[in-house]
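Here is how the chains run, residue by residue.
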Amino acid sequence: MAAFAEQIPVRRYTLTMPPNPRALPSVDAVLRALGTDGTPHALAANAARTVLAEARSGIRDGGTAPTHDDIVARVRSLLTQHLIPSLRPVINAGGVILQTNLGRAPLSERAIAAMDAIARGYSNLEYDIEAGTRGSRHDHVRELIHRVTGAEDGIIVNNNAAALSMALQVFARGSEVIISRGQAVEIGGGFRIPDVLRQSGATLVEVGTTNRTYAHDYDAAWTENTAAILRVHTSNFRVVGFTTEPTLNELATVAHHRSGLLLDDLGSGCLVDTTTYGIPHEPTIQESLAAGADLALFSGDKLLGGPQCGIIIGRAELVTRLRTHPLARSLRVDKLTIAAFIATLMSYAEGRERDEIPVWRMASIPLSTVRRRALRWVRAAGPAARLRESVTMIGGGSLPGEGVPTWCAAVRPPGGADHYALALRTVQPHIITRISDGEVLLDPRTVDPRDDRIIAERLDALRTNNKTAEGV
Ligand SMILES: *Cc1c(COP(=O)(O)O)cnc(C)c1O
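Just so we're clear, the structure is a prediction, and the values are computed from it rather than from any experiment. (Residues numbered from 1 in each chain as written. Predicted model: local features only at pLDDT ≥ 70, side-chain atom pairs only at ≥ 80, totals over all residues. Heavy atoms only, no water.)

Chemist: Looking at this structure, I do not really get the side chain of Glu 176. What am I missing?
Modeler: When you line up the elements, Glu 176 lands in strand S6 (residues 176-180). Look at Glu 176: it is buried, it has no salt bridge, and the nearest opposite charge is Arg 258 at 10 Å. In terms of polar contacts, Glu 176 uses its side chain to reach the side chain of Thr 223, at 2.9 Å. At 3.3 Å, the side chain of Glu 176 forms a polar contact with the side chain of Thr 226. (Helix = DSSP H or I, 4+ residues; strand = E, 2+ residues; numbered from the N terminus. Buried < 20%, exposed > 50% of the residue type's maximum accessible area, 1.4 Å probe, protein only. Lys, Arg positive; Asp, Glu negative; His and termini not counted. Salt bridge = Lys/Arg side-chain N within 4 Å of Asp/Glu carboxyl O. Polar contact = N/O pair within 3.5 Å; in protein donor to acceptor, adjacent residues only side chain to side chain.)

Below, the structure written as C-alpha cells:
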C-alpha cells in the first residue's frame with residue numbers, strides 16, 4: 001500500500017481541470033533545459049514557477065498545454081524582461097513639449113550635473129557648514145526663490161497638488177474658501193479642485209456662473225467663517241466668448257478688505273514673458289505677486305522646466321507657518337530634487353533659460369532648423385512621407401490650444417498609420433509619434449537633435465522592411 005502511494009503523482013490538479021494528456025515539466029526540468037548561463041538560480045527558478053503557473057491556469061481555462069520548448073522559451077524571455085527596468089527613456093517625436101505621460105519637462109544639463117554631484121556622495125542637505133551644526137534643507141532654496149521671483153519667501157514640496165492641499169490645510173481647515181464656479185475644475189488625471197478642498201477640511205463656496213463671475217460675487221459670499229479666496233489658473237482649457245473673471249487685483253482687494261487671504265494656484269508657474277517666444281501671454285509668477293496674491297503656487301516641472309516639485313511663494317510669515325507645519329515633513333522633497341531645482345532657477349537668475357532649459361530651447365528652435373531636420377526624416381522614410389506644417393503644443397496644462405509653428409515629417413504608410421506608429425513605439429529606443437488624418441507625424445521640435453539619426457535609421461529600416469514585404 002505504501003509503495004503504491006509513492007507512485008501516485010504528487011501534482012494536485014483541481015477537479016475542474018479537464019484531463020490533459022501532456023503533463024507540464026517540473027521546475028527542475030525547466031532549469032536543466034535552460035542550462036547554466038550565469039543567471040542566479042533563485043531568479044531562474046522564480047521565472048520558471050511563474051511560467052508554469054501561467055501554463056496551468058491556461059489549461060484550467062480550457063487552453064492547450066504549451067510544449068516544453070515553449071515553456072523554456074517563455075522563461076528565457078521573462079528573464080530577459082526582468083533585466084530591463086520598466087521605466088525607460090523614450091524619444092518624444094509626438095510634438096507636445098510638456099507631456100505629463102512622458103515625464104513632463106526634460107531637465108537641463110546643468111540640473112542633471114547638479115543631481116549627479118549630489119547623488120554621488122554626502123552633502124550639506126541639513127548641515128550648517130559654518131556653524132558645524134544641524135541646518136535645514138529648506139534654507140537652500142529660500143534666497144534663490146526670493147532673488148528670482150521677488151517673493152519674500154518660498155518653500156518647495158512634492159508637487160503642486162501637494163502645495164495646494166498643504167496651503168488649504170494650513171490656512172483654511174474648518175473654514176470656507178471661495179472659488180469661481182468656472183475654476184472648480186478637474187486639472188487632469190482625476191485631480192479635481194473641489195475634491196482637494198474637501199480633503200483639506202475646507203468648505204468650498206462656489207460663486208458666479210461657469211462663464212461669468214464678478215468681484216462683488218466673492219464679496220457677497222464672504223462670511224465670518226471665510227478664510228480665503230482661491231484663484232485657479234484653469235490652464236488646460238479655455239472658456240471662450242461671453243466670459244468675465246475678475247482680475248487678480250480685484251480679488252486681492254476683496255480678500256484683504258475682509259482680512260482674508262488670496263491664494264493663487266498658477267498651475268504652470270511661468271517666470272518668463274511667453275510672448276517673446278511667439279506664444280500668447282501666460283500669467284507669470286511675478287504678476288501674481290504684484291497683483292497682491294498672498295501665496296502663489298505652481299509646479300516645478302511644467303513651464304519652469306525643472307524637476308517635479310510644487311513651489312509655494314509669498315508673504316514671509318505665511319511661508320514660515322507652512323515650513324514649521326508637520327505637513328512640511330510629510331511633503332518634503334529629496335536632495336536630488338533640491339539640487340535640480342536650484343540649478344534650474346540659476347539658469348533664470350543668469351538669464352540663460354533660453355539656451356539652457358530644454359522647454360525654452362525647444363520652443364525657440366528656428367522654423368528653418370526644424371524644417372531641415374524634418375526633411376532628413378522625410379527622405380529616410382521614403383515616398384510615403386512628406387513635409388507637413390504643424391504646431392508643437394506646449395502642453396502640461398498650460399496655454400490650451402496654443403503652440404509654436406513647426407514642420408513635421410508626415411508618413412502615410414501603406415500598412416496603415418496605427419501599425420507604423422506601433423512599430424516605432426515598441427522597439428527600443430521607443431519613438432513616440434502622433435497620428436493625424438491617417439498620417440504618422442514626427443515633430444523634430446520635441447526631439448533632442450542627438451536622437452535625429454536614430455529616428456532616420458528606424459524610418460529607413462521600416463521602409464526597407466515594407467519593400468521586402470511587398471516584394472518591390
Ligand atoms: C498641473 C496643475 C496642478 C497640479 O500640479 P502637479 O505639479 O502636477 O501636482 C494644480 N493646479 C493647476 C492649476 C495645474 O495646472
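Chemist: Please explain the pairing of S6 as it appears in this structure.
Modeler: Sheet faces and side chains relate simply in a regular strand, where the side chains alternate between the two faces. In terms of residue burial, S6 counts as a mostly covered element, since five of its five residues are buried. Of the two faces of S6, the one carrying Glu 176, Ile 178 and Ser 180 and the one carrying Val 177 and Ile 179 are both buried.

Chemist: What's the story with the environment of Ser 390 in this structure? I'm lost.
Modeler: Of note, Ser 390 is situated in strand S14 (residues 385-395). Look at Ser 390 and you get buried, because its relative accessible area is 17%. Along the primary structure Ser 390 and Cys 408 are separated by 18 residues, whereas in three dimensions their C-alpha atoms are 6.5 Å apart. There is a polar contact of 2.7 Å between the side chain of Ser 390 and the side chain of Arg 434.

Chemist: Can you help me understand helix H12 (residues 316-323) in this one?
Modeler: Residues spaced three or four apart along an α-helix face the same direction, because each turn holds 3.6 residues. Residues of H12 that are buried include every one of Leu 318, Val 319, Leu 322 and Arg 323, and no others. In a view along the axis of H12, the buried residues occupy a sector of 140°, so they form one face of it. (Arc of directions from axis to C-beta.)

Chemist: Is there a simple way to explain the sheet that holds S14 in this structure?
Modeler: Across the sheet, which stays open at both edges, the five strands sit in the order S2-S14-S15-S18-S17 with mixed pairing between neighbours. Every interior strand has two partners, whereas the edge strands, strand S2 (96-98) and strand S17 (434-436), have only one. Between one strand and the next, the sheet's axes are offset by a mean angle of 40°, whatever the strand orientation. With nine bridges joining them, S14 and strand S15 (residues 403-411) adopt antiparallel strand pairing. By the bridge assignment, Ser 390 is partnered in S15 with Thr 406. Contacting S14, S15 and strand S18 (439-442), helix H17 (residues 367-381) crosses the sheet at an angle of about 15° to S15. Against the sheet, helix H18 (residues 417-426) contacts S15, S17 and S18, and its axis sits at roughly 35° relative to S18. (Pairing = 2+ DSSP bridges. Axes fitted to C-alpha atoms, helices over the stretch in contact; angles between N-to-C directions. Contact = heavy atoms within 4.5 Å.)

Chemist: Explain the site of the ligand to me, please; I cannot follow it from the model alone.
Modeler: Surveying the vicinity of the ligand reveals 13 residues, the closest of which are Arg 104, Ala 161, Asp 265, Ser 299 and Lys 302. A distance of 3.4 Å separates an oxygen atom of the ligand from a polar side-chain atom of Asn 159. Contact distances for the ligand include 2.6 Å between a nitrogen atom and a side-chain N or O atom of Asp 265. Summarising the interface, the protein chains cover 92% of the accessible area of the ligand, which totals 390 Å² for the free molecule. For the shell around the ligand, the residue count by class is four nonpolar, six polar and three charged. (Near = heavy atom within 4 Å. Areas by Shrake-Rupley, 256 points an atom, 1.4 Å probe, with all protein chains shown as cover. Nonpolar A, V, L, I, M, F, W, Y, C, P; charged D, E, K, R; others polar.)

Chemist: It is not clear to me how unusual backbone geometry should be interpreted in this structure. Could you clarify?
Modeler: For residues that are not glycine, phi is negative in most cases, and the peptide bond is trans in most cases. Residue Pro 429 is reached from Gln 428 by a cis peptide bond, and omega for that bond is -5°. Assignment of secondary structure puts Pro 429 in the loop between H18 and strand S16 (430-432).

Chemist: I tried to follow the pairing of strand S5 (residues 153-157) on my own but got confused; where do I start?
Modeler: When you tally the buried positions in S5, you get five out of five residues, the bulk of the element. Covered by surrounding structure in S5 are Asp 153, Ile 155 and Val 157 together with Gly 154 and Ile 156, the residues of both alternating faces. As paired elements, S5 and strand S13 (residues 310-314) share five bridges and run antiparallel to each other. Counted as the bridge partner of Val 157 is Gly 310 from S13.

Chemist: Sorry if this is basic, but what is going on with the nonpolar core here?
Modeler: In globular proteins that are soluble, nonpolar side chains generally tend to be buried together. Ranked by size, the top nonpolar core spans 37 residues in total, and within it Ile 311, Ile 313, Phe 341, Leu 345, Tyr 348 and Trp 360 carry the most contacts. Sorting the residues of this core by element identifies S2, helix H6 (139-149), helix H11 (285-290), strand S12 (295-299), S13, helix H14 (335-349) and helix H16 (358-363) as the ones contributing at least two each. With residues up to four places along the chain from it excluded, the contact list for Leu 345 reads Leu 144, Ile 145, Val 148, Leu 271 and Leu 304. Core analysis: the second largest hydrophobic core is formed by 34 residues, Ala 163, Val 196, Leu 261 and Leu 331 among them. (Core = buried A, V, L, I, M, F, W, Y, C linked by side-chain atoms within 4.5 Å.)

Chemist: Looking at this model, I keep getting lost on the sheet that holds S5. Mind explaining?
Modeler: Hydrogen bonds along the backbone pair up the strands of a sheet, which may run parallel or antiparallel. Ordered by their spatial adjacency, seven strands build an open sheet running S5-S13-S12-S11-S10-S6-S9, and the pairing between neighbours is mixed. Edge positions in the open sheet fall to S5 and strand S9 (203-207), since each of these has one partner strand only. For this sheet, the mean angle separating the axes of adjacent strands, direction not counted, is 25°. The pairing of strand S11 (residues 261-267) with S12 spans four bridges and is classified as parallel. Residue pairing in the sheet places Gly 267 in a bridge with Phe 298 of S12. Each of strand S10 (226-232) and S11 is contacted by helix H10 (residues 248-257), which is oriented at about 150° to S11, the strand it contacts most.

Chemist: Got a minute to help me understand the environment of Phe 191 in this structure?
Modeler: Tracing the sequence through the fold places Phe 191 in strand S8 (residues 191-192). Taking the C-alpha atoms as reference, Phe 191 lies 43 Å from Thr 39; in sequence the two are 152 residues apart. Once you skip the residues sitting within four places of it in the chain, Phe 191 turns out to touch Ala 161, Leu 164, Val 185, Glu 186 and Val 196.

Chemist: What should I look at first to understand the pattern of salt bridges in this one?
Modeler: Two side chains that carry opposite charge are able to pair once their charged atoms sit near each other. Counted under the stated rule, the structure contains 29 salt bridges. Residue Glu 350 is joined to Arg 352 by a salt bridge in which the shortest nitrogen-to-oxygen separation is 2.8 Å. The class of Glu 350 is partly exposed, set by a relative accessible area of 40%. Two residues, Arg 412 and Glu 439, come together in a salt bridge whose shortest N-O distance is 3.9 Å.

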